[in-house]
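A structural walkthrough
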Amino acid sequence: MKLSLTFNVFNKEHYIEEYINLWLDSLSQNYSYEVLVNFDDLKDQSKDLTQKVLDKFIEQNPNLDISYKLFETPNLYELKCTNLLLKECTGDIIVIIKDDNFMYLKGCDISVVKMYTSTPNAGCIGMLAGVNVNYKTKSYSRLEILTPNKDPKCHNPISASLDQAYPVDTVIRPFIGLRSDFEELNYLDEAYAPFCWDD
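Residues numbered from 1 in each chain as written. Predicted model: local features only at pLDDT ≥ 70, side-chain atom pairs only at ≥ 80, totals over all residues. Heavy atoms only, no water.

Things to note about the pattern of salt bridges
Here the structure, examined in full by the defined rule, presents 5 salt bridges. Lysine 2 is paired through a salt bridge with glutamate 34; the nearest N and O atoms lie 3.8 Å apart. Of the two residues, lysine 2 sits in strand β1 (residues 2-9) while glutamate 34 sits in strand β2 (residues 32-40), which places them 32 residues apart along the sequence. Close ionic contact of lysine 52 with glutamate 17 constitutes a salt bridge, the shortest N to O distance being 3.5 Å. Placement of the pair is lysine 52 in helix α2 (residues 46-60) and glutamate 17 in helix α1 (residues 16-24), with a sequence separation of 35 residues. (Salt bridge = Lys/Arg side-chain N within 4 Å of Asp/Glu carboxyl O. Helix = DSSP H or I, 4+ residues; strand = E, 2+ residues; numbered from the N terminus.)

A word on the pairing of β1
Of all the 8 residues making up β1, 7 are buried; the element is thus mostly covered by neighbouring parts of the structure. Pairing geometry for β1 and β2, over 8 bridges, is parallel. Across the sheet, residue leucine 3 finds its bridge partner in β2, namely tyrosine 33. Handedness of the β-α-β unit built from β1, α1 and β2 comes out right-handed. In the sheet, β1 pairs with strand β4 (residues 93-98) via 6 bridges, with the strands oriented parallel. Bridge pairing links threonine 6 to isoleucine 96 in β4. (Buried < 20%, exposed > 50% of the residue type's maximum accessible area, 1.4 Å probe, protein only. Pairing = 2+ DSSP bridges. Right-handed = clockwise from strand over helix to strand, strands pointing away.)

Below, the structure is given as structure tokens:
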């Protein structure tokens, strides 16, 4: 069985190496893999750092069946970028991973795929990575991420409690499904949130 791991990256050079390694270190020989990474509106060293990490991992794991492709887009926003990657996937199962939900939670790695493949009737599966909130004390409506931990390495950790903010929606990453289902359903609905915040 082949897995397609898709990453959208929006100028996250400060932790992209550690984040990619978090997933690579969990891979097993039970599957073959392709890693597809898109860099939207690239303005930092994220792409070079990612390529370095992937090349090193492949060199150090010659018995693992893994390849990768890197893409760049001109500020197309999250959903369009995700759909571009989905259409490039050749794996049986697709794992959608986004760069701004840096998780140190145990099991937020390839273990989620094992859970999915061992659940025969599951159409898709996702993990709660955080909650988008609007602060009650702010006049503007920019969404922020309320993460499940206060780890200083976690992207955009905030200390607000829910009595200080309106929960807007949840952040589900990773999101896993069959490539055949994505193709049949015509991928993700770009009309839902065409200008979703990239970071």
